[in-house]
Amino acid sequence: MRKNIIAGNWKMNKTVEEAVELANAIKLELADCKDVDVVLCPPFTALKAVSDVISETLINVGSQNMSSEDEGAYTGEISHTMLKELFVRYVILGHSERREYYKETDFWINKKVKKALDKNLRPILCVGEKLEDREAGSTESVVEVQVREGLKDIPVSAYTELVIAYEPVWAIGTGKTATSEQAQEVHAFIRSIVKDMVGAEAADAVRIQYGGSMKPGNAPELLAQPDIDGGLIGGAALDATSFAGIVKAGM
Ligand code: 13P
């Protein structure tokens, strides 16, 4: 049985003060949540403050990106050491906004996934097709390349640690959710790719989140699908009641 994992990707929102307020409100609702892994991913500037708020709870902190390098002349980058110092456990990698606006490629995303695992951080690898891919009937081929390249040369033992997030780009921030059938179909497909890559046991263990306009209203149906093991939440994660509502749907 896979445990659901619900992560809030706060994106480029919240000052430190606002982040502390939101984290405190979420803590009131979810501090002792055992049935679902809960992860808060504030911007880098608020990681320390949010870690302080949720210390001594079961809530985890994640970052929205990480450098593939250890240290040195990489202006503007953040290393695994710096993140771990702030009690970060998870790292979102290869989000479609980073692929689209910052031209991150599967090669670099794979380097980051490997680095994270090597340093005992848990990657959340994001994959997903654009609207034009779906309309062209290329959803599976696009997602397959992202999964195979993103997880290239990852040892089979890592599949209990890493998380895959399927986020159809056309459903992000648009209010258009994939139907639960559409999402389930791609999740099952991703699991079949993992099975082909590393075998049935790892495919059965790996957790695959859905992301894209997930809300308390549509979460129960999405999370009831056999291959959907949680959510990566954008807009609805900026409100404690909505975020907690989604987590409760996953219990
Ligand atoms: P929304 O929930 O705002 O659609 O964002 C999803 C997302 O991109 C999470 O990473």
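Reading the values: rules and limits
Residues numbered from 1 in each chain as written. Predicted model: local features only at pLDDT ≥ 70, side-chain atom pairs only at ≥ 80, totals over all residues. Heavy atoms only, no water. Helix = DSSP H or I, 4+ residues; strand = E, 2+ residues; numbered from the N terminus. Rg over C-alpha atoms; globule rule 2.2 N^0.38 Å. Buried < 20%, exposed > 50% of the residue type's maximum accessible area, 1.4 Å probe, protein only. Contact = heavy atoms within 4.5 Å. Near = heavy atom within 4 Å. Polar contact = N/O pair within 3.5 Å; in protein donor to acceptor, adjacent residues only side chain to side chain. Areas by Shrake-Rupley, 256 points an atom, 1.4 Å probe, with all protein chains shown as cover. Nonpolar A, V, L, I, M, F, W, Y, C, P; charged D, E, K, R; others polar. Salt bridge = Lys/Arg side-chain N within 4 Å of Asp/Glu carboxyl O. Axes fitted to C-alpha atoms, helices over the stretch in contact; angles between N-to-C directions. Left-handed = near helix turned anticlockwise from the far one by under 90°. Core = buried A, V, L, I, M, F, W, Y, C linked by side-chain atoms within 4.5 Å.

1. Things to note about the overall build of the protein chain
Right, on to step 1. Counting secondary structure elements, the protein chain contains 11 helices and 8 strands.
Right, on to step 2. The C-alpha radius of gyration computed for the protein chain amounts to 17 Å, which stays within 12% of the reference 18 Å derived for 251 residues, consistent with globular compactness.
Right, on to step 3. Summarising its shape, the C-alpha atoms of the protein chain cover approximately 45 × 45 × 35 Å along the three principal directions.
Right, on to step 4. By residue count, 53% of the 251 residues in the protein chain fall in the buried class.
Right, on to step 5. For the protein chain, long-range pairs separated by at least 24 residues make up 73% of all intrachain contacts whose partners lie at least 6 apart in sequence.

2. Describing the site of the ligand
Right, on to step 1. In the region of the ligand, 13 residues are neighbours, and Lys11, Glu167, Gly173, Ser213 and Gly235 sit closest.
Right, on to step 2. One of the backbone N or O atoms of Gly173 is found 2.7 Å from an oxygen atom in the ligand.
Right, on to step 3. In this structure, Ser213 approaches the ligand through a main-chain N or O atom, which is 2.7 Å from an oxygen atom.
Right, on to step 4. If the ligand stood free it would expose 310 Å²; the protein chains cover 96% of that surface.
Right, on to step 5. Among the residues forming the shell around the ligand, the class breakdown is 4 nonpolar, 7 polar and 2 charged.

3. Structural notes on the environment of Phe44
Right, on to step 1. Locating Phe44 in the fold gives a position in the loop between β2 (37–41) and α2 (47–54).
Right, on to step 2. Owing to a relative accessible area of 35%, Phe44 belongs among the partly exposed residues under this scheme.
Right, on to step 3. Phe44 has contacts with Ser63, Asn65, Ile78 and Leu83, leaving out every residue within four places of it along the chain.

4. A few points about the environment of Lys11
Right, on to step 1. Following the sequence through the fold, Lys11 ends up in the loop between β1 (5–9) and α1 (16–30).
Right, on to step 2. C-alpha separation for the pair Lys11 and Cys41, spaced 30 residues apart in sequence, amounts to 7.8 Å.
Right, on to step 3. Setting aside residues up to four positions removed in sequence, Lys11 forms contacts with Cys41, Pro43, Gln64, His95, Glu97, Ile172 and Gly234.
Right, on to step 4. Among the polar contacts listed, one links the side chain of Lys11 to the side chain of Glu97, at a separation of 2.8 Å.

5. So, the pattern of salt bridges
Right, on to step 1. On inspection of all chains with the given rule, the structure shows 20 salt bridges.
Right, on to step 2. Among the ionic pairs, Arg148 bridges to Asp196, the shortest N-O distance being 2.7 Å. Taken together, the positions of Arg148 in helix α7 (residues 139–150) and Asp196 in helix α8 (residues 180–198) put the pair 48 residues apart, joining distant regions of the chain.
Right, on to step 3. We note a salt bridge from Asp227 to Arg191, for which the minimum N-O separation is 2.6 Å. Of the two residues, Asp227 sits in the loop between α10 (219–223) and β8 (230–233) while Arg191 sits in helix α8, which places them 36 residues apart along the sequence.

6. Some remarks on the packing of α1 against helix α11 (residues 240–249)
Right, on to step 1. Running from N to C, α1 and α11 point in directions that differ by 35°, and their axes come no closer than 9 Å. Our pair here, α1 against α11, has a crossing hand that is right-handed. Judged by residue contacts, Leu22, Ala25, Ile26, Glu29 and Leu30 of α1 engage Ala240, Thr241, Phe243, Ala244, Val247 and Lys248 from α11.
Right, on to step 2. Residues belonging to the contact of α1 with α11 are distributed by class as follows: 8 nonpolar, 1 polar and 2 charged.

7. Focus on the environment of Glu167
Right, on to step 1. Looking at the element boundaries, Glu167 is found in the loop between β6 (163–166) and α8.
Right, on to step 2. Remark: the alpha-carbon pair of Glu167 and Val143, spanning 24 residues in sequence, is separated by 10.0 Å.
Right, on to step 3. In this structure, Glu167 is in contact with His95, Cys126, Val127, Gly128, Glu129, Ile172, Gly211, Gly212 and Leu232, ignoring residues within four places of it in sequence.
Right, on to step 4. Within the local environment of Glu167, its side chain forms a polar contact with the side chain of His95, the two groups lying 3.0 Å apart.

8. Overview of the side chain of Ser63
Right, on to step 1. Within the element layout of this structure, Ser63 appears in strand β3 (residues 60–63).
Right, on to step 2. On the accessibility criterion, Ser63 (0% relative accessible area) is buried.
Right, on to step 3. Here the side chain of Ser63 touches Asn65 through a polar contact of 2.9 Å, landing on its backbone oxygen.
Right, on to step 4. Every residue in contact with Ser63, bar those within four places of it in the chain, is listed here: Cys41, Phe44, Leu47, Leu83, Val88, Tyr90, Val91 and Ile92.

9. What about the nonpolar core?
The nonpolar side chains of a soluble globular protein tend to be buried with one another.
Right, on to step 1. Counting 66 residues, the largest nonpolar core has Leu40 and Phe243 as its most contacted members.
Right, on to step 2. The greatest single-element share of this core, amounting to 6 residues, is contributed by α8.
Right, on to step 3. If sequence neighbours within four positions are ignored, Leu40 has contacts with Gly8, Trp10, Ala23, Ile26, Val50, Ile54, Ile59, Asn60, Val61, Gly62 and Phe243.
Right, on to step 4. Ile5, Val39, Ile92 and Val163 belong to the second largest nonpolar core, which has 11 residues in total.

Keep in mind these numbers describe shape, not what the thing actually does.
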